[in-house]
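Commentary on secondary and tertiary structure
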Amino acid sequence: MPSGKTGRRVASAVASVEQKPAARPIAIILFGSPGSGKGTQSKYIVEWLKIPQISTGDMLREHIRRGDEIGRAVADRMKAGLLVPDELVNRMVFERVQQPDCERGFILDGYPRTLAQAEEMVSVLDVRGTSQVVIHLVVDYNVIISRMSGRRVCPKCGTLYNAVARPPKVEGICDLDGTPLVIRDDDREEVVRERLLQYERQTRPVIEFFRATIDRVIEVDASGAGPEAVFERIRGELREVLGQDRIR
Ligand SMILES: [Zn+2]
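Let me sum up the structure you'll find in this document. Keep in mind the model is a prediction, meaning the values are calculated, not measured.

Reading guide: rules and limits
- Residues numbered from 1 in each chain as written.
- Predicted model: local features only at pLDDT ≥ 70, side-chain atom pairs only at ≥ 80, totals over all residues.
- Helix = DSSP H or I, 4+ residues; strand = E, 2+ residues; numbered from the N terminus.
- Buried ≥ 20, exposed ≤ 12 C-beta atoms within 10 Å, placed from the backbone.
- Contact = placed C-beta atoms within 7 Å.
- Core = buried A, V, L, I, M, F, W, Y, C linked by C-beta atoms within 7 Å.
- Pairing = 2+ DSSP bridges.
- Axes fitted to C-alpha atoms, helices over the stretch in contact; angles between N-to-C directions.
- Expected span 1.5 Å × (residues − 1).
- Arc of directions from axis to C-beta.
- Parallel < 35°, antiparallel > 145°, perpendicular 65-115°, else oblique.
- Left-handed = near helix turned anticlockwise from the far one by under 90°.
- Nonpolar A, V, L, I, M, F, W, Y, C, P; charged D, E, K, R; others polar.
- Bend = angle between axes of the 7 residues up to and from the residue.

1. Observations concerning the overall build of the protein
Looking only at helices and strands, the protein features 9 helices and 7 strands. In the protein, which comprises 248 residues, the proportion classed as buried is 27%. Considering only intrachain contacts with a sequence separation of at least 6, the fraction spanning at least 24 residues in the protein is 73%.

Here it is, written out as structure tokens:
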């Protein structure tokens, strides 16, 4: 078991005497439910800090495409309807963050997803002297449900519409080719609700673990504001954490 919040504070205070805090790489752990705008915020942070975004979903797909050792192991398990084991995901992430482009820091997107992954991540990053900050995008589930269930797609050309954010000129009809719009299966209200429920079940223990072990867990209310306003809030919080000297 990790030594707890107090123990880690002492350890990082010692580390900061030995090495300049500004030189420590940073792991930004981006947390948010489906529909919270995590992907968009991740892109903004990449552009701003010039550090890579590490998405375990993308990496797994890439390993499967390449058919390497990890890819084959994952594909077999997925075919058998099994979850990807924590050790495998951990190994993949730790290999990735040793790449030279992660020297100054990186954004973790979709990882850690389980408590076991979170515990391993914190202990590995602690040993390496990587500072950790969690950004939790908090969106009212009712807002997500109305956002996602308001989505319509043109079955002919694939154009996406949204009842609120991007309505078609004529309700239910594609602007480009006049085809009646449809709701994708993924956007049906009952499907969205089920995904949110799963997310809640899976990530609540992870967030609770972070609150107990990581000093900087930033909750950002992403319900009402647009993506740019949400990013401004995140940037403000991160500036404070990182110190003005290491970032613009
Ligand atoms: Zn169309």
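2. Comments concerning the nonpolar core
I28, L108 and I135 are the most contacted members of the largest nonpolar core, which has 41 residues in total. Ranked by the residues each element gives to this core, the list is headed by strand β1 (residues 26-32), at 6 residues. Ignoring any residue separated from it by four or fewer positions in sequence, one finds I28 in contact with I45, G105, I107, V133 and I135.

3. Digging into the sheet that holds strand β3 (residues 105-109)
Ordered in space as β2-β3-β1-β4-β7, the 5 strands form an open sheet in which the pairing is parallel. If you trace the sheet from one side to the other, it starts and ends with β2 (53-55) and β7 (217-221), each paired once. Between one strand axis and the next, the sheet turns by 25° as a mean value, whatever way the strands run. Sheet topology note: the β2/β3 ladder contains 3 bridges and is parallel.

4. Looking at helix α9 (residues 227-242)
Counted at 1.5 Å a residue, the expected span for α9 with its 16 residues is 22 Å, and the 22 Å between its end C-alpha atoms agrees. Taken together, the buried positions of α9 are occupied by V230, F231 and I234. Buried residues along α9 cover an arc of 95° about the axis, so they all sit on one side. Facing away from the buried side of α9 by over 90 degrees, the exposed positions are E228, A229, G236 and E240. Here the buried face of α9 lies against α2 (38-49), β4 (131-138) and β7. The first or second residue beyond α9 is G243, which carries a positive phi of 85°.

5. Looking at the packing of α2 against α9
Put simply, α2 and α9 touch, their axes get as near as 10 Å, and they point 55° apart. Relative to α9, the element α2 lies oblique. As α2 runs across α9, the sense of the crossing is right-handed. Residue-level contacts link T40, Q41, Y44 and W48 of α2 to P227, V230, F231, I234 and R235 of α9. Considered class by class, the residues forming the contact of α2 with α9 number 6 nonpolar, 2 polar and 1 charged.

6. Examining the environment of N162
By secondary structure assignment, the location of N162 is in strand β6 (residues 160-162). A count of 14 C-beta atoms within 10 Å places N162 in the partly exposed class. Placed 12 residues apart in sequence, N162 and G150 show a C-alpha to C-alpha distance of 5.4 Å. Not counting chain neighbours up to four residues away, the residues in contact with N162 comprise G150, R151 and P167.

7. Brief notes about helix α8 (residues 189-213)
In this model, α8 (25 residues) spans 35 Å end to end at C-alpha, consistent with the 36 Å of a helix rising 1.5 Å per residue. The sharpest bend along α8 reaches about 40° and sits at T203, with the proline P205 one to four residues further on. What α8 keeps buried is the set V192, T203, V206, F210 and T213.

8. Some points on the packing of helix α3 (residues 56-66) against helix α4 (residues 69-79)
One way to put it is that α3 packs onto α4 with a least axis distance of 7 Å and a crossing angle of 100°. In this view, α3 runs roughly perpendicular relative to α4, as classed from their interaxial angle. Along its contact with α3, which presents L60, H63, I64 and R66, the element α4 presents I70, G71, V74 and A75. Its residues assigned to classes, the contact of α3 with α4 shows 5 nonpolar, 2 polar and 1 charged.

9. A closer look at the pairing of β4
With 7 of 8 residues buried, β4 lies mostly within the body of the structure. Where β1 lies against β4, 7 bridges are found, and the strand directions are parallel. Bridge assignment links F31 to a residue of β4, and that residue is H136. As judged from the 5 bridges shared by β4 and β7, these two strands associate in the parallel manner. Looking at β7, one finds that L137 is bridged to V220.

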